Structure formats: C-alpha cells, structure tokens
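Descriptive structure summary
Residue strings, one per chain:
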Amino acid sequence: MKKWRFLGIDDSFDDKKCCIVGCVTCDGYVEGFMYTEIEIDGLDATEKLIAMVKKSKFRKQIKCIFLPGITFGGFNLVDIQQVYGETKIPVVVVMRRKPSIEEFDSAMRNVENYNTRKRIVEKAGEIHKAGNLYIQTAGLSFDEAEELVKAATVKGNMPEPVRIAHLVASAIIHGESRGKA
C-alpha cells in the first residue's frame with residue numbers, strides 16, 4: 001500500500017477568534033499539526049491557508065489537502081483553485097450534505113464583498129456525490145478524489161485528518177472537542 005500523507009484542515013470560532021488547524025496523517029496516524037488564525041467573515045482564509053502550507057515542513061510530502069467546505073470563520077471563503085495553484089497540492093472539499101446554493105447565496109449577501117465571495121464560490125466548481133459525501137476538487141479528477149477520500153478515511157465518512165483537525169480546533173476555542181467530527 002502507498003504511504004500517502006494527507007492534510008486535513010478545519011476551523012472553530014467564537015465571537016472573538018477563528019482558529020484554523022491542519023492535521024497531517026499518514027496511514028491513519030497523526031504526524032503533525034499546523035495552526036493559523038483568520039478574520040471572522042473576512043477574506044483572508046485563502047492566503048492564510050496557503051502561507052500555513054507553504055511554510056510547513058510537511059509541504060513536499062502532502063498528497064492532498066482536505067477541507068470540510070469552503071467556508072471558514074463564518075463566511076471567510078477559501079478559493080480552492082488558488083490554493084492548488086499556489087501550493088501545487090490537490091484540494092478536495094468533503095461535505096456531509098450538499099449545500100443549498102440559493103440559501104448560501106442569500107446568506108452571503110449579509111456580509112461585505114458579496115461579488116468577491118460569489119466568484120470564489122463559482123470557481124470552486126461543481127459539487128459531486130461520492131458515496132455518503134459531496135465533494136469539490138481542484139487539481140485532480142473526481143475519480144482520483146474519490147480514491148484519496150477512501151484512502152484517508154479510517155472511521156465514519158470523513159477523512160481522518162479533517163476529523164482530527166475538527167476535534168483539535170474545537171478544543172482550542174471551546175476548551176473541549178464538540179460538534180460532529
């Protein structure tokens with residue numbers, strides 16, 4: 001079996017702070033973590049994720065970056081095409097349910113820079129069903145993404161590095177892990 005390293009990224013936030021945690025795994029085992037902070041409802045998530053990955057000692061070993069959506073810290077959107085373009089690491093967005101584009105669009109209108117955010121959503125591309133998940137991709141095909149999701153999943157449906165990143169991020173903000181990991 002191939003030894004692939006995966007990076008899963010998730011966030012947690014309260015009314016003052018949004019932390020972003022990256023978890024690197026190999027064969028289901030944790031190999032390390034990354035950390036940054038972003039502005040709640042801001043527009044800095046893409047650049048902060050790219051900077052976090054580029055400065056990491058794991059960067060050259062990462063086969064794929066998994067995100068649990070393109071929104072972090074409220075409506076701070078990640079441009080997955082830009083992340084791929086600047087890191088050269090494929091990105092797979094994995095979601096438990098398909099978002100309602102109409103509801104999402106309506107909610108985005110309540111924060112500044114609607115047109116910028118709308119372009120980021122459009123660039124993320126089509127959402128595909130993959131088993132019990134919905135995925136979007138940057139830098140790889142749907143079939144390749146499905147293979148990587150399966151390889152990175154240890155328990156449940158979510159890739160293990162995203163699940164662990166979620167647990168750590170929520171513990172940082174709330175004092176203990178919470179929510180569905």
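Keep in mind that what you see is a predicted model, and the values were worked out from it rather than measured.

1. Some thoughts on the packing of helix α1 (residues 45-54) against helix α2 (residues 80-87)
Running from amino to carboxyl end, α1 crosses α2 at an angle of 30 degrees, the nearest separation of the two axes being 10 Å. By the angle between their directions, the pair α1 and α2 is classed as roughly parallel. For the crossing formed where α1 meets α2, the hand is right-handed. When α1 is examined against α2, the residues Thr 46, Ile 50, Val 53 and Lys 54 are found in contact with a partner set consisting of Gln 82, Val 83, Glu 86 and Thr 87.

2. Some details on the packing of helix α3 (residues 101-108) against helix α4 (residues 114-124)
The contact between α3 and α4 brings their axes to 10 Å, and the two run at 150 degrees. Relative to α4, the element α3 lies roughly antiparallel. The hand of the α3/α4 crossing is right-handed. Note on element contacts: α4 touches α3 through Tyr 114, Arg 117, Lys 118 and Val 121, opposite Phe 104, Asp 105 and Met 108. For the contact of α3 with α4, the class distribution of residues is 4 nonpolar, no polar and 3 charged.

3. Regarding the packing of aromatic side chains
Enumeration according to the criterion identifies 3 aromatic pairs in this entry. Members of the aromatic cluster, connected to one another through ring pairs, are Trp 4, Phe 6 and Phe 66.

Cut-offs applied
Chains are numbered independently. Their residues run from 1 in the order of the written sequence. The predicted origin of the model limits local features to residues at a pLDDT of at least 70 and limits the giving and counting of side-chain atom pairs to 80 or more, whereas totals for whole chains, interfaces and linings rest on all residues. To get the side-chain values, take all heavy atoms of the structure and skip hydrogens and water. Axis geometry follows a simple rule: fit a line to the C-alpha atoms, using only the stretch in contact for helices, then measure angles between N-to-C directions, giving values from 0 to 180 degrees. Under the scheme used here, helices are H or I runs from DSSP no shorter than 4 residues and strands are E runs no shorter than 2 residues, and both carry numbers assigned from the N terminus. Reported orientations rely on four angle classes, namely roughly parallel under 35 degrees, roughly antiparallel over 145, roughly perpendicular from 65 to 115, and oblique for the rest. Working rule for handedness: look at the near helix, and if it is turned counterclockwise from the far one by less than a right angle, call the crossing left-handed; if clockwise, right-handed. A contact between two residues is defined here by any heavy atoms of the two lying within 4.5 Å. By the convention adopted, Pro, Cys, Tyr, Trp, Phe, Met, Ile, Leu, Val and Ala count as nonpolar, Lys, Arg, Asp and Glu as charged, and the other residues, Gly among them, as polar. Centre distance within 6.5 Å is the pairing criterion for rings of Phe, Tyr and Trp, where only the six-membered ring of Trp is used; planes under 30 degrees apart are then read as stacked, over 60 as edge-to-face, and the remainder as tilted.

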